[in-house]
Amino acid sequence: MTKRSDVGYHYTQCGLDDVYLVNLPSAFDRAGDTTITFPNINELHAVIREQVALKLSRLNGREIKFLRTELGLTQAALARHLHKDSQTVGRWERGETDIDGASETLLRVMALEDTSVQGTSVRELGQRVVAPAGPTPYRIEASDPEHYRPAA
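Residues numbered from 1 in each chain as written. Predicted model: local features only at pLDDT ≥ 70, side-chain atom pairs only at ≥ 80, totals over all residues. Heavy atoms only, no water.

A. Summary view of the packing of aromatic side chains. Per the counting criterion, the structure on display carries two aromatic pairs. Ring centres 5.7 Å apart and planes at 55° place the aromatic pair Tyr9 and Phe38 in the tilted group. Taken together, the residues Tyr9 in strand 2 (residues 8–10) and Phe38 in the loop between strand 5 (34–35) and helix 1 (41–53) connect sequence positions 29 residues apart. Judged by relative accessible area, which is 21%, Phe38 ranks as partly exposed. Relative to Phe38, the ring of Tyr11 has its centre 5.0 Å away and its plane inclined at 55°; by these criteria the two rings are tilted. Taken together, the positions of Tyr11 in the loop between strand 2 and strand 3 (19–22) and Phe38 in the loop between strand 5 and helix 1 put the pair 27 residues apart, joining distant regions of the chain. Of the residues examined, Tyr11 reaches a relative accessible area of 3% and is grouped as buried. Counting every residue linked through ring pairs, the aromatic cluster contains Tyr9, Tyr11 and Phe38. (Phe/Tyr/Trp six-rings, centres within 6.5 Å; stacked < 30°, edge-to-face > 60°. Helix = DSSP H or I, 4+ residues; strand = E, 2+ residues; numbered from the N terminus. Buried < 20%, exposed > 50% of the residue type's maximum accessible area, 1.4 Å probe, protein only.)

This is the structure we're talking about:
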């Protein structure tokens, strides 16, 4: 469920478990209930995509699915790009098997292709896929929804 907490607004609508929007502005509706809106949702998802692609450990199934959908690809289309079978992509996303390092590195490169991240080499991204998988909280500074960015 999506909720506010002391670590920020727990944003689960993107399909990831560990995304928190820090300092997200809220308003009140006519009934006096707190209302939260997400202006500039495309930029928000671009920032999340960058953080996932730059993660310092292996991608999990939900993160693979998030990157694939943000790239606008079906499982079959991603499989073609990675020279894999579409069933293999499905198994990665369901967590049944781990994605191989070369495919994960290429997926990260694809995710960063049209972002503002500069200077991240394929070699550096390849090093990130050798670290063990683990939960990574993604903290997004949301005080100015026109300019989302990773929280400090």
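B. Summary view of the pairing of strand 6 (residues 138–141). Relative to strand 6, strand 3 is paired through four bridges, and the arrangement is parallel. Along strand 6, the bridge assignment pairs Val19 with Tyr138. Relative to strand 7 (residues 149–150), strand 6 runs antiparallel, the two being bridged by two bridges. Among the inter-strand pairings, Glu141 is bridged to a residue of strand 7, identified as Arg149. (Pairing = 2+ DSSP bridges.)

C. Geometry of the pairing of strand 3. With burial as the criterion, each face of strand 3 is covered, one bearing Val19 and Leu21 and the other bearing Tyr20 and Val22. Note: strand 2 against strand 3, two bridges, orientation antiparallel. Note that in strand 3 the partner of His10 across the bridge is Tyr20.

D. Representation of the packing of helix 2 (residues 61–70) against helix 4 (residues 86–93). Contact pair helix 2 / helix 4: the axes reach a minimum separation of 7 Å and the direction vectors enclose 125°. By the angle class used here, helix 2 and helix 4 are oblique. Residues Gly61, Arg62, Ile64, Lys65 and Arg68 of helix 2 form the contact with helix 4, whose participating residues are Val89, Trp92 and Glu93. (Axes fitted to C-alpha atoms, helices over the stretch in contact; angles between N-to-C directions. Parallel < 35°, antiparallel > 145°, perpendicular 65-115°, else oblique. Contact = heavy atoms within 4.5 Å.)

E. A look at the pattern of salt bridges. As enumerated under the stated definition, the model contains seven salt bridges in all. Note that Lys84 and Asp100 form a salt bridge whose closest N and O atoms lie 3.3 Å from each other. A residue pair is termed long-range when its members are at least 10 positions apart, and Lys84 in the loop between helix 3 (75–82) and helix 4 and Asp100 in the loop between helix 4 and helix 5 (101–112) qualify at 16 residues. Look at Lys84 and you get partly exposed, because its relative accessible area is 34%. When its relative accessible area of 29% is taken as the criterion, Asp100 is described as partly exposed. (Salt bridge = Lys/Arg side-chain N within 4 Å of Asp/Glu carboxyl O.)

These figures capture arrangement, not role.
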